[in-house]
Amino acid sequence: MTTDTTGTAARDGEPRRGGPADSPFVRACRREPGPHTPVWFMRQAGRSLPEYREIRATVPMLESCRRPELVTEITLQPVRRHGVDAAILFSDIVVPVAAAGIDLDIVPGTGPVVAEPVRTAADVERISPIGRDDVSYVDEAVRQLVAELGDTPLIGFAGAPFTLASYLVEGGPSRTHAKTKALMYGDPELWHALCARLAEVTLSFLRVQIDAGVSAVQLFDSWAGALSEADYRRFVLPHSTYVLGGLADAGVPRIHFGVGTAELLGAMGEAGADVVGVDWRTPLDVATRRIGPDKAVQGNLDPTVLLAPWPVVEAEVRRIVEQGRAAPGHVFNLGHGVLPETDPDVLTRVVALVHELTARPAR
Ligand code: CP3
């Protein structure tokens, strides 16, 4: 166990050597050289792990997110098993929205379901600001985790305004985001009011996690790829910029991720990211040209490739590692979350392979 568990402070302002702020993951986010390319997997803590399924067998999803001892255990499981370079807090993007007063549940096999969808100005008023006391279980879990993780960084996260708005307006998961886009095009003023509220909640939620000691944050705009670049810039970018820009002085790297965002990569970087997450559709060297030289990239193995025979997985990992060398910093990840049917042993092998392929001699 280390004594400085925040990983941020040292008297001379330099990160303490060996702490999470000096880890391969944080170094890659900052575009600094490190001992190897770091690896973690979106949804690494979850349904692919038998030890996770055992814990969750009797505990509903939202309840498990509100019990710090369960959050801590589930978050640590993939770190122990795979040797990933970072942990990601076990939670869900709707947790802060529920804390803000919206009645919702996470329904097995469906996802988030909102009791009364948000579609009017009066509905928007139901979304209240949140502070640490409203999500004290997250504050507590992060503090426990930072102490347990030692030199391994913990990533905090939140949903971005567009993706959260989609769940709230639709009332649940949607393939077309039709009601969401109808509101956005039909009543831009209400749309911006809704997104401004959500941006405030998201910013507060990320600040709680940073104050409790996370070493990086990821803003998930999973469904932003539903929009054209012009609409993204008009309807979404200002709100995501509010969140990421609001953390500019927080001293932790900010990752910005979405799916199907090939046309949006430049804009998502402009929102104030240090690292842009890329899905499997855009090779990392192409993505790097779109994002520019002053940001690192994260990605981008297709999660379904993990279901293929090992030689296929290995060839794809090698290709991504090579294309990632074009970026000023590369965090190896999937292009979206781990699928439940993934063999966990394949994930462990991917971590070892990336480390082996990218090992650099000690400086
Ligand atoms: O692996 C698991 O499924 C674990 C448990 C779980 C999570 N969310 C964890 C989670 C469950 C059952 C959910 C519900 C949920 N919430 C779903 C899945 C529906 C289903 O049963 O397949 C979805 C799509 C949501 C909404 C949501 N949550 C989104 C869009 C995101 C952003 C990431 C993404 O997948 O696009 C989340 C974040 C999330 N949910 C995380 C976890 C552990 C954090 C991020 C991570 O670990 O990468």
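Residues numbered from 1 in each chain as written. Predicted model: local features only at pLDDT ≥ 70, side-chain atom pairs only at ≥ 80, totals over all residues. Heavy atoms only, no water.

### Quick look at the site of the ligand
Now for step 1: What surrounds the ligand is a group of 23 residues, the closest being Arg-43, Arg-47, Asp-92, Ser-222 and His-336.
Now for step 2: A distance of 2.7 Å is found between a nitrogen atom of the ligand and a side-chain nitrogen or oxygen belonging to Asp-92.
Now for step 3: Here the residues of the shell around the ligand are counted per class, giving 13 nonpolar, seven polar and three charged. (Near = heavy atom within 4 Å. Polar contact = N/O pair within 3.5 Å; in protein donor to acceptor, adjacent residues only side chain to side chain. Nonpolar A, V, L, I, M, F, W, Y, C, P; charged D, E, K, R; others polar.)

### Topic: the pattern of salt bridges
Now for step 1: Per the counting criterion, the structure on display carries 17 salt bridges.
Now for step 2: One salt bridge connects Asp-345 with Arg-81, and the closest N-O pair in it is separated by 3.9 Å. With Asp-345 in helix 15 (residues 344-358) and Arg-81 in helix 4 (residues 68-82), the pair connects residues that are 264 residues apart, well separated along the chain.
Now for step 3: We classify Arg-81 as partly exposed; its relative accessible area is 29%.
Now for step 4: Each of Asp-22, Arg-27 and Glu-32 takes part in salt bridges that share partners, so that together they form one network. (Salt bridge = Lys/Arg side-chain N within 4 Å of Asp/Glu carboxyl O. Helix = DSSP H or I, 4+ residues; strand = E, 2+ residues; numbered from the N terminus. Buried < 20%, exposed > 50% of the residue type's maximum accessible area, 1.4 Å probe, protein only.)

### Quick word on the UniProt feature "domain: Uroporphyrinogen decarboxylase (URO-D)" (unreviewed entry) in the protein
Now for step 1: Here, the residues flagged by UniProt with the feature "domain: Uroporphyrinogen decarboxylase (URO-D)" (unreviewed entry) are residues 38-47 and 155-171.
Now for step 2: Secondary structure content for residues 38-47 is 0% helix and 0% strand, while the C-alpha to C-alpha distance between its ends is 23 Å.
Now for step 3: Between the C-alpha atoms that bound residues 155-171 the distance is 28 Å, and the span itself is 59% helix and 29% strand. (UniProt positions renumbered as here; feature names shortened; annotations may be inferred.)

### Some remarks on the packing of helix 9 (residues 178-186) against helix 10 (residues 188-212)
Now for step 1: Contact geometry for helix 9 and helix 10: axes closest at 5 Å, N-to-C directions at 115°. Within the contact between the two elements, helix 9 uses Thr-180, Leu-183, Met-184, Tyr-185 and Gly-186 and helix 10 uses Pro-188, Leu-190 and Trp-191.
Now for step 2: Of the residues in the contact of helix 9 with helix 10, the class split is six nonpolar, two polar and no charged. (Axes fitted to C-alpha atoms, helices over the stretch in contact; angles between N-to-C directions. Contact = heavy atoms within 4.5 Å.)

### Regarding unusual backbone geometry
Now for step 1: Looking along the chain, the bond that leaves Gly-299 and enters Asn-300 is cis, with omega of -5°.
Now for step 2: Checked against the element boundaries, Asn-300 lands in strand 8 (residues 296-301).
Now for step 3: Not every positive phi belongs to a glycine, and Arg-31 is a case in point at roughly 65°.

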